[in-house]
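# Topology and contacts: notes
Residue strings, one per chain:
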Amino acid sequence: MMKEFERTTDGFNYVFEGVIPAGETVFFKMPVISANKRGVNDIGWQCDGDDVKIYGTLSQRPEKTLMWSEIKKNYVVNKTVSAIKVINNDEVDCNICMRVILN
């Protein structure tokens, strides 16, 4: 399942707040880069699940690629990622909030 970040009131700030069902994998397409938004400045997230893993890819086909790198807590995220994958291995649903700031 592919989801997208929602644009907030200011032009360079995108967010997703929602629930990842137990045992599910969800893909998030990164916001589109334009002449005014040259690239990803920062990516942050919070999650209340105990067994949730987050990955990033550079691939243009995130739902088909096998090339993913795990993004661990306090790691610097590769700012050229095209998509993020969240896997909820927990037995319960988890709440997640992710924010992307473009520059």
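All of these numbers come straight from a predicted model, not from anything done at the bench. (Residues numbered from 1 in each chain as written. Predicted model: local features only at pLDDT ≥ 70, side-chain atom pairs only at ≥ 80, totals over all residues. Heavy atoms only, no water.)

### Concerning the sheet that holds strand β4 (residues 25-29)
Quick note on the threshold: The pairing criterion is simple: DSSP has to find at least two bridges between the two strands. Put simply, DSSP H or I for four residues or longer makes a helix, DSSP E for two residues or longer makes a strand, and each gets a number counted from the N terminus.
One open sheet holds the five strands; their spatial order is β1-β4-β8-β6-β7, and the pairing between them is mixed. Of all strands in the sheet, those bounded by a partner on one side alone are β1 (2-4) and β7 (69-70). Across two bridges, the pairing between strand β6 (residues 52-57) and β7 is antiparallel. By the bridge assignment for β7, G56 is matched with S69.

### Quick notes on the packing of aromatic side chains
Quick reminder of the rule: Between rings of Phe, Tyr and Trp, where Trp is taken as its six-membered ring, a pair exists when centres lie within 6.5 Å; planes separated by under 30 degrees are stacked, by over 60 edge-to-face, and by other angles tilted. For the exposure calls, accessible area comes from a 1.4 Å probe over protein chains only, and a residue counts as buried if that area is under 20% of its type's maximum, exposed if over 50%, partly exposed in between.
As enumerated under the stated definition, the model contains three aromatic pairs in all. Pairing F5 with F28 gives two aromatic rings, centres 5.8 Å apart and planes at 40°, and the pair type is tilted. A residue pair is termed long-range when its members are at least 10 positions apart, and F5 in the loop between β1 and β2 (6-7) and F28 in strand β4 qualify at 23 residues. The exposure classification of F5 matches that of F28, with both residues buried. Look at F16 and F28: their rings are 4.7 Å apart centre to centre, the planes differ by 65°, and that puts the pair in the edge-to-face class.

### Thoughts on the confidence of the model for the protein
For clarity, the cut-off: Confidence of the predictor at the level of single residues is given by pLDDT, which spans 0 to 100.
Summing up the model confidence of the protein, the mean pLDDT is 88 and the portion of residues at 70 or higher is 99%. Per-element confidence in the protein ranges from a low mean pLDDT of 85 for β1 to a high of 94 for strand β8 (residues 83-88).

### What about the pattern of salt bridges?
Any two side chains of opposite charge can pair, so long as their charged atoms come close to each other. Operational definition: Here, a salt bridge means any side-chain nitrogen of Lys or Arg that lies within 4 Å of a carboxyl oxygen of Asp or Glu.
The final tally for this structure, using the stated rule, is one salt bridge. The closest approach of N and O atoms between K53 and E70, which form a salt bridge, is 3.9 Å. Of this pair, K53 sits in strand β6 while E70 sits in strand β7, and the two are 17 residues apart along the sequence.

### Remarks on the environment of N13
Stated precisely, the cut-off is as follows: When checking whether two residues touch, look at their non-hydrogen atoms; a contact exists if any pair is within 4.5 Å.
Inspection of the secondary structure puts N13 in strand β3 (residues 13-20). Taking the C-alpha atoms as reference points, N13 and E63, 50 residues apart in sequence, are found 24 Å from one another. N13 has contacts with E6, R7, T8, R99, V100 and I101, leaving out every residue within four places of it along the chain.

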